[in-house]
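Each chain, written out:
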Amino acid sequence: LTPPPPDAILQVMQTFREDRRGDKVDLGVGVYRDATGLTPVMRAVKSAEAHLVATQDSKGYVAMAGDAAFHAAMARLVLGGTVPAARIAAAATTGGTGAVRQAMELIHTADPRARVWISQPTWPNHPALAQSAGVEWRPYRYYDAEAGAIDRAGMMADLDGAREDDVVLLHGCCHNPTGADFTGRDWAEMAAFLERRGLIPFVDIAYQGFGEGIDADAAGLRHLASRLPRVIIAASAAKNFGLYRERAGIYMVICPPGERDTTQAMMAWLNRSSTGFPPDHGTRVVTTILNNPAMKAEWLDELTDMRERVNGLRAALANALRRETGSDRFGYLAAQRGMFSLLGGTDAQIARLRDEFGLYLVGGGRMNIAGLTEDTVDRVAAGLARVLCD
C-alpha cells in the first residue's frame, strides 16, 4: 500500500481544529450551521425520531434496495409526480455519496464503454467515485471565474465531444462549488441537446430546498425526467433534513416501463454486492416526515428559514465586499445559490487568509457561505478584500 492523496477538505478540517485562535472562521467544511455555529437537529427530525422510538418494533433488515415507502416518498419530493411510478426504479444508499457511487456502478455494469462527463469544477468526490467504479470520465468546462457565471460556450463545446449513450453529470441545484445554477432556459436547451445526441443525464441533487425552494430547485430535473427516456438521479437527505451522519440517500433511474423491473433488480443486486442492506434509521425519519402533514409543514418551515438565512448571508457578504473594494467585483455572490461559492485565489492567498486572518477556505477559494454569521461578515469581507484584491 502507498498513502492515498490527501483530501483537501479533510485537511482544512484538521488544521482548523488545531488552530487555537478564538476568532477563526471555518468557511471550508460543507455543512449548514446556524447563527451559533451549530449544525442543528431539526425540530421535525426530533419529532419523527421520537415517533420511531415509540412505535418501531424491529431492527431487522429491510429489503436490499431499502424500504419501498422511502422510495415513494423521495420520488414525490424530487420528481413531484411528473413521472409515473412504472418508470421509476430506486434503491436506498449510504448517503448521497453512496448514491453517486452506486449509480456509477450501474452505469459501468450496463455499458462499460460509457463515459461520464463531469463539470469542472465539481464536488471533488465525483471524479473519485467514477474512477473507483472503473468508469471513464471526461471533464467539461462549466464556470467562468472572471465573470462569476456559467461558461455556456465552453460547456457546449466540450460536450460536443460526447458520443451516443455517454452520461452527462449535472448538478440539480446549488452547484458545488460555484453556486452558479442553470436557468430554466439552460435546462430546456440541455434537454434538447441530450435528446438530439442520445446522451443520458445523471443529475446529482444534493441540496434540494437550499436554492429557491423544494419545487423550484427540482424544476430542471423534472423537465429532463418528463422529456427524456432515461435519467439517473442521486439525492441526499443530509442537507435539507440535516441528517449528515445518518447517511440517508437514494438513487433513482427513470426508464421505459419495459426496462423498470430489470433495472430495479440490478440496483438491488448492486446494493447486495457492496453494502448488503442499506442503513434505515435516517430513511425512516425522512419517510415519517414526508408522510405526516404536520411534520412536513414544520420541516418546510425550518428549511425555508435555513435557505433564507444562507441567502441573506450571501447578500450581506456581497454588500460588505462592495464597501471594502469600492467595486462590484464580488456582486455575483448575491445572485448565486446554495451553500458554496468559488472566489478564486492562489494557494499562497488561501494560506494567507488562514494564517493572517483565521479564515479557512478550501483550495481555489471554495467558500461555505453557511459558515458565516452576522457578526463575522464584515471581518471576513475585510480579509477577503485585503488578500484577493492585492
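Before any of the text, the structure's been laid out above.
Values in this document were obtained by computation on a predicted structure and should not be read as measured data. (Residues numbered from 1 in each chain as written. Predicted model: local features only at pLDDT ≥ 70, side-chain atom pairs only at ≥ 80, totals over all residues. Heavy atoms only, no water.)

1. A few points about the pattern of salt bridges
Throughout the structure, instances matching the rule amount to 23 salt bridges. The closest approach of N and O atoms between Asp 166 and Arg 115, which form a salt bridge, is 3.0 Å. Taken together, the positions of Asp 166 in the loop between helix H6 (152-159) and strand E7 (167-171) and Arg 115 in strand E3 (residues 115-120) put the pair 51 residues apart, joining distant regions of the chain. Across the pair, exposure class does not vary: Asp 166 and Arg 115 are buried alike. In this structure, a network of salt bridges that share partners links the residues Arg 43, Glu 298 and Glu 302. (Salt bridge = Lys/Arg side-chain N within 4 Å of Asp/Glu carboxyl O. Helix = DSSP H or I, 4+ residues; strand = E, 2+ residues; numbered from the N terminus. Buried < 20%, exposed > 50% of the residue type's maximum accessible area, 1.4 Å probe, protein only.)

2. Structural notes on the state of the cysteines
The final tally for this structure, using the stated rule, is zero disulfides. Here Cys 174 stays unpaired: no disulfide links it, and the sulfur of Cys 173, its closest cysteine neighbor, is 3.9 Å away. Cys 174 sits in the buried class, given a relative accessible area of 2%. (Disulfide = S-S within 2.5 Å.)

3. Re the packing of helix H13 (residues 347-357) against helix H14 (residues 377-388)
The description of two packed helices rests on the angle between their axes and on the distance between the axes. Packing of H13 against H14 leaves a shortest axis separation of 10 Å and a crossing angle of 135 degrees. One element, H13, and the other, H14, form an angle in the oblique class. Seen along the crossing, H13 lies across H14 with a hand that is right-handed. Of the residues in H14, those in contact with Gln 349, Arg 352, Leu 353 and Phe 357 of H13 are Arg 379, Gly 383, Leu 384, Arg 386, Val 387 and Leu 388. The class makeup of the residues in the contact of H13 with H14 is five nonpolar, two polar and three charged. (Axes fitted to C-alpha atoms, helices over the stretch in contact; angles between N-to-C directions. Parallel < 35°, antiparallel > 145°, perpendicular 65-115°, else oblique. Left-handed = near helix turned anticlockwise from the far one by under 90°. Contact = heavy atoms within 4.5 Å. Nonpolar A, V, L, I, M, F, W, Y, C, P; charged D, E, K, R; others polar.)

4. With respect to the packing of aromatic side chains
One pair of aromatic rings is described through two measures. These are the centre distance and the angle between the planes. Throughout the structure, instances matching the rule amount to eight aromatic pairs. Between Tyr 32 and Phe 210 the ring centres are 6.1 Å apart and the planes differ by 55 degrees, which places this aromatic pair in the tilted class. Here the residue Tyr 32 occupies a position in the loop between strand E1 (25-26) and helix H2 (43-55), and Phe 210 occupies one in the loop between strand E8 (200-205) and helix H8 (214-227), the gap between them amounting to 178 residues. As far as the burial class goes, Tyr 32 and Phe 210 line up, both buried. Cation over ring: Lys 24 sits above Phe 16, and NZ or CZ is 4.3 Å from the ring centre. (Phe/Tyr/Trp six-rings, centres within 6.5 Å; stacked < 30°, edge-to-face > 60°. Lys NZ or Arg CZ within 6 Å of the ring centre and 35° of its normal.)

5. Quick word on the pairing of E8
Here is the key point about a regular strand: its side chains alternate between the two faces of the sheet. Counting buried positions along E8 yields six of six residues, so the element is predominantly enclosed. Covered by surrounding structure in E8 are Ile 200, Phe 202 and Asp 204 together with Pro 201, Val 203 and Ile 205, the residues of both alternating faces. In the sheet, E7 pairs with E8 via five bridges, with the strands oriented parallel. Within E8, the position partnered with Leu 170 by the bridge is Val 203. Following the backbone out of E7, through helix H7 (residues 184-197) and into the adjacent parallel E8, one traces a crossover that is right-handed. Note that E8 and strand E9 (residues 231-236) share four bridges and pair parallel. Bridged to Phe 202 within E9 is Ile 232. For the crossover from E8 across H8 to E9, the handedness is right-handed. (Pairing = 2+ DSSP bridges. Right-handed = clockwise from strand over helix to strand, strands pointing away.)

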